[in-house]
Amino acid sequence: MITMTPVLARGLTDRDHELFPQDEFEERARLLQAELRDLGVSGLIVCAPAWQPNGEVGFLSGWPMSGIIFLPTSGEPTLLTYGSGRELYFQRQLTWLTHMRSGGERMPARLVEELDKLPDGCARLATVGLGGLAAPALRQMRDALGSRELIDFDARFAAFRARKRPREILAVRRALGIARGAVAAGRAAFAKGASNTEALVEAEQVARRDGARDWRGLANLTGSSLAPFERPAAGRHAPLLLWAGVDYHGYWAEAASGDTDIEGPAAAAVAAMVAAARAGARAGDLAEAALAQLPPPARTASLAYGLGCGCGLLREETPWIEPGSDETLPEGAILTLRSVVPSGEAATIVTAMTVVTSAGGTRLEPL
Amino acid sequence: MTDMSPLPETLRTTSYKARIDRVRAAMRRDGHTLLIAYGTGQHSFVGMNPAWYLSGFRQMGPHVAVAVPLDDEPFLLMTPAWDIDRARARSTVTDIEAADPAAFFPALADSLHRRRLDLNHVAVAGGRMPRAIAEGWADALGAAPSSGEALISDLARIRDPWSLACTRRAVAIAEKGCDWLEQNARAGAREHQLVAALDVYMRGLGAEDNFLLMSSSQHNRSVHQPTRRLIAEGDVLLSEITPAVEGEYIQICRSAVFGKPTALQLEKFALLDEALRAGMRTATPGTPVSAVVEAINAPIAAAGYGEYTVPPYMRTRGHSMALGSMDPEISMFSGHTLEEGMVFVMHPNQYLPDTGYLMCGEPVLITPSGAEPLTSTMGVLGSYI
């Protein structure tokens, strides 16, 4: 669901060693290196644009960061960060990596220095995320890499990441636990007389207190549609509709005020999607299962807000749950499924964090 | 008692109307028939948002465009469609259309053609645009547009009455945040929980967003996002408190010791305070920002820390955070020159080997006599007991 992006992920920024020990990342690198050797390349470069940390780099570094990570086919990866190096001391505490340096303004040249350390100079390289770079940065990168052969690895990397690892599932469950607690706090504040806006802010405070790295919140602040916090407001609109997105350690989950609903069209729509979320199913099948449970006005609203998508290191990943979509659900993927009915007698928001299995979806329990 | 009542709506509407008028005058001067101000949903305080600057609408979706024809009424195209009620409530551009994010460019092309607008001399201002957008204008418009970045930035870098009102309100919120910290920050708290409570306190005062960095150590290397760290007696808390009101961010940089500051800490903070005041005296209209940097660095270098006046021991000596312009950047290399009416944070924040990183910075307004602090009280090395 589209929400307001804040200027900075300013919540808890601290590696959770119990959740993500060193060997988890060594294993991720080892498995990827085997694929790279099969592909016959010397290594992989994964890029995240300046000021836009992303899940691709975060998957290998252990923390969402902007920069470029270079993974050779053996040995440890190297992370090149944007910025002047002032932040390196802190960034080192967030990752498992020992090889980190500031690329700064000379990022492409620094990358080439790393590539040149290998015996063959990395004549053939797999790449992820080049397409996301701004045009000038992409031009500089291509110029610096010169005649090296670049193999687009985006799709294979996405497939590699689609099936969530057990510790990734734990991280999403932790994020879900924080999101559920935030929603409960918002509802409790509303029950005590808080305005919808105050309830939303209370939910944010609890999420941040409990360890959210980043937060998204929407509520029915003015009546019939969902909105983010923009300014204090005293209006009360019952029932409170509250949606919370929480990032813990880079992993996202969402919860909503109607998650405890067991009746009503929105709950039925989400239950139908969960049941249909079996490995190999079409994303469009889930959408159609949901729409069959919704009366026409609710159908329109739920489609407008979105029925869900994949979720993990990105708040929104493929596949998108849309009518007609032929994308298939990979086993082990995490989906965030939802139905939003913003007005009327059945007004509610229901969500379900779901793992795709061969027998259908399994709802995640909060941790 | 600080006045936190809503800012006057009439000031907002008149200022936004004046922005459109000034943009049209600049378009006429530069030979443009249409300006498209684009905004991404990736809000940044180091990147301008031309669409927000011209419409007053803070977008959620990935694309918003404000089209300003030279002679016709402007219109706003926003995403996603379900957010249109909020756009209608806040946008000062009243002709509003909505599109699904995936259909942004076709919808824009359709809107432009329906209005029979002259697309022969189009300029686009978009700040930091995603590559797909930066490279998509030519197809959508039928020809590659000119850059309108400077057109917007040159108008916006001198604050208009609405921008200044929002800025002053944000300063008031930040100062109240500092007061809150002094009253509530105690050893034994966790960094991230202290930040959560402070952040929400400032939201309650009207800060829609906050570039809030806060961290502690007995010897800080820099400021960063909060960790689980339990704050202990003797830790130095660094705070970059940066609330936004209507898209106008301001920043106050503060340092405080849990307990009584040492003589050495007081001495080194005084050195940075001296540097800040030297920079403020130098920052008169017409002065190149490089001269301000030199004025800030001079006392620090004279105290024997010349090698610490460059990265990685510091980042920059100051910068704008305005909605419409990132000028000025207070660095040796930006090439900017100060003008009366500019607002930015000036901060000789940096690492010193004796005490660690210290923060000392104020939001300032450029006046004929130099940089005036917008804060009611300039920062001191605080003490939380």
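The text that follows walks through the structure, step by step, so that each part is easy to find. Within each chain, residues carry numbers counting from 1 in the order of the written sequence. The naming scheme follows written order: chains are lettered A onward, ligands numbered 1 onward. Local features are withheld for residues below a pLDDT of 70 in this predicted model, meaning they are given only at 70 or higher, and side-chain atom pairs are given and counted only at 80 or more; totals for whole chains, interfaces and linings count all residues. Hydrogens are left out, water is left out, and the side-chain values use all remaining heavy atoms of the structure.

## A look at the overall build of chain A
Stated formally: Numbering of helices and strands starts at the N terminus; helices are DSSP runs of H or I of at least 4 residues and strands are runs of E of at least 2. Note that the radius of gyration is over C-alpha atoms, with the globule rule given as 2.2 Å times the number of residues to the power 0.38. A contact between two residues is defined here by any heavy atoms of the two lying within 4.5 Å. Positive: Lys, Arg. Negative: Asp, Glu. His and the chain ends are not part of the count. Charge coordinates come from a single atom per side chain, which is NZ of Lys, CZ of Arg, CG of Asp or CD of Glu.
A tally of helices and strands in chain A yields 11 helices and 14 strands. Computed over the C-alpha atoms, the radius of gyration of chain A is 22 Å, within 12% of the 21 Å expected from 2.2 N^0.38 for a compact globule of 367 residues. A separation of at least 24 residues holds for 68% of the contacts in chain A among residues at least 6 apart in sequence. With 38 positive and 43 negative side-chain charges, chain A shows a spacing of 2 Å between the two charge centroids.

## Let's talk about the interface of chain A and chain B
Threshold: By convention, the term buried area covers the 1.4 Å-probe accessible surface removed from two parts as they join, with the contributions of both added. In what follows, salt bridge is the name for a side-chain nitrogen of Lys or Arg lying within 4 Å of a carboxyl oxygen of Asp or Glu. Pairs of N or O atoms within 3.5 Å make up the polar contacts considered here, provided that, within protein, one atom can donate a hydrogen while the other can accept it, and that residues adjacent in sequence are counted only when both atoms are side-chain atoms.
On the chain B side, the residues contacting the 47 residues of chain A number 54 residues. Between chain A and chain B, a total of about 4400 Å² is buried, with carbon and sulfur atoms accounting for 59% of that surface. Summed over the shared surface of chain A and chain B, the result is eight salt bridges. In this structure, Asp 16 of chain A and Arg 228 of chain B form a salt bridge, with 3.9 Å as the shortest nitrogen-oxygen distance. Across the contact surface, chain A and chain B share 15 residue pairs in polar contact (both at pLDDT 80 or more). Elements with a minimum of two residues in the side of chain A that touches chain B: helix H3 (88-94), helix H5 (135-145), helix H8 (196-209) and helix H11 (296-305) of chain A. Take the side of chain A that touches chain B: its biggest share by element is five residues, from H8 of chain A.

## Quick word on the pairing of strand E1 (residues 43-48) of chain A
Residue and element names in this part refer to chain A. Heads up, the rule is: Classification of residues uses two cut-offs on accessible area relative to the type maximum, computed with a 1.4 Å probe and protein chains only: under 20% is buried, over 50% is exposed, and between them is partly exposed. Note on pairing: DSSP must find at least two bridges between two strands before they are called paired.
Judged by how many residues are buried, E1 sits mostly within the fold: six of six residues are covered. Along E1, one buried face is formed by Gly 43, Ile 45 and Cys 47 and the opposite face, lined by Leu 44, Val 46 and Ala 48, is buried too. Pairing of E1 with strand E2 (residues 67-72) involves six bridges; the strand directions are antiparallel. Within E2, the residue paired with Cys 47 across the bridge is Ile 68. Of the pairings in the sheet, the one linking E1 to strand E5 (residues 124-128) comprises four bridges and is parallel in character. Paired with Val 46 across the strands is Val 128, a residue of E5.

## Some remarks on the state of the cysteines
Two cysteines joined by a covalent bond between their sulfur atoms form a disulfide. Residue and element names in this part refer to chain A. Formally: Sulfur atoms of two cysteines make up a disulfide when they are within 2.5 Å.
The final tally for this structure, using the stated rule, is zero disulfides over all chains. Cys 122 carries a free sulfur, and the closest cysteine sulfur to it, the one in Cys 47, is 14 Å from it. In this structure Cys 311 is not part of a disulfide, and its nearest cysteine sulfur, from Cys 309, lies 6.5 Å away.

## Some points on the packing of aromatic side chains
Note the threshold: When two rings of Phe, Tyr or Trp (its six-membered ring) have centres within 6.5 Å they constitute a pair, described as stacked for plane angles under 30 degrees, edge-to-face for angles over 60, and tilted for the intermediate range. When the NZ atom of lysine or the CZ atom of arginine is within 6 Å of a ring's centre and also within 35 degrees of its normal, the charge is said to sit over that ring.
Counted under the stated rule, the structure contains 20 aromatic pairs over all chains. Judged by centre distance (3.9 Å) and plane angle (20°), the ring pair of Phe 45 of chain B and Phe 211 of chain B falls under stacked. Placement of the pair is Phe 45 of chain B in the loop between strand E1 (34-40) and helix H2 (50-55) and Phe 211 of chain B in the loop between strand E7 (209-210) and strand E8 (213-217), with a sequence separation of 166 residues. Of the two residues examined, Phe 45 of chain B and Phe 211 of chain B, each falls in the buried class. Taken together, the ring pairs connect Phe 20, Phe 25, Trp 96 and Tyr 251 of chain A into an aromatic cluster. The lysine or arginine in question, Arg 315 of chain A, covers the ring of Trp 252 of chain A, its NZ or CZ lying 5.8 Å from the ring centre.

## Focus: the side chain of Ser 91 of chain B
Residue and element names in this part refer to chain B. With respect to the helices, strands and loops of the structure, Ser 91 is situated in the loop between helix H3 (84-90) and strand E4 (96-98). Only 2.7 Å separates the side chain of Ser 91 from the backbone oxygen of Val 93, close enough to count as a polar contact. Sequence-distant contacts of Ser 91, that is, excluding residues within four places in its chain, are made with Ser 55, Phe 57, Leu 76 and Ile 96.

## Some points on the sheet that holds E4 of chain B
Residues and elements named next belong to chain B. Here six strands make up an open sheet; going across it, the order is E4-E3-E2-E1-E5-E6 and the pairing mixed. The strands lining the two open edges of the sheet, one partner per strand, are E4 and strand E6 (146-147). Bridge count between strand E3 (residues 75-78) and E4: three bridges; the pairing is parallel. Each residue of the ladder has a partner; that of Leu 76, found in E4, is Ile 96.

## Structural notes on unusual backbone geometry
Keep in mind that most residues, glycine aside, have a negative phi and that most peptide bonds are trans. At the junction of Thr 318 of chain A and Pro 319 of chain A, the peptide bond is cis and its omega measures out at 0° in the coordinates. In this structure, Pro 319 of chain A sits in strand E11 (residues 317-320). In this chain, Thr 79 of chain B is followed by Pro 80 of chain B through a cis amide linkage whose omega measures -10°. Mapped onto the elements of the fold, Pro 80 of chain B is located in the loop between E3 and H3. With a phi close to 60°, His 249 of chain A is a non-glycine residue in the positive phi region. Relative to the elements of secondary structure, His 249 of chain A occurs in the loop between strand E8 (242-248) and strand E9 (251-256). The phi dihedral of Arg 116 of chain B is positive, around 55°, even though this residue is not glycine. Along the chain, the position of Arg 116 of chain B falls in the loop between helix H4 (104-114) and strand E5 (122-125). Judged by relative accessible area, Arg 116 of chain B falls into the exposed class, the value being 75%.

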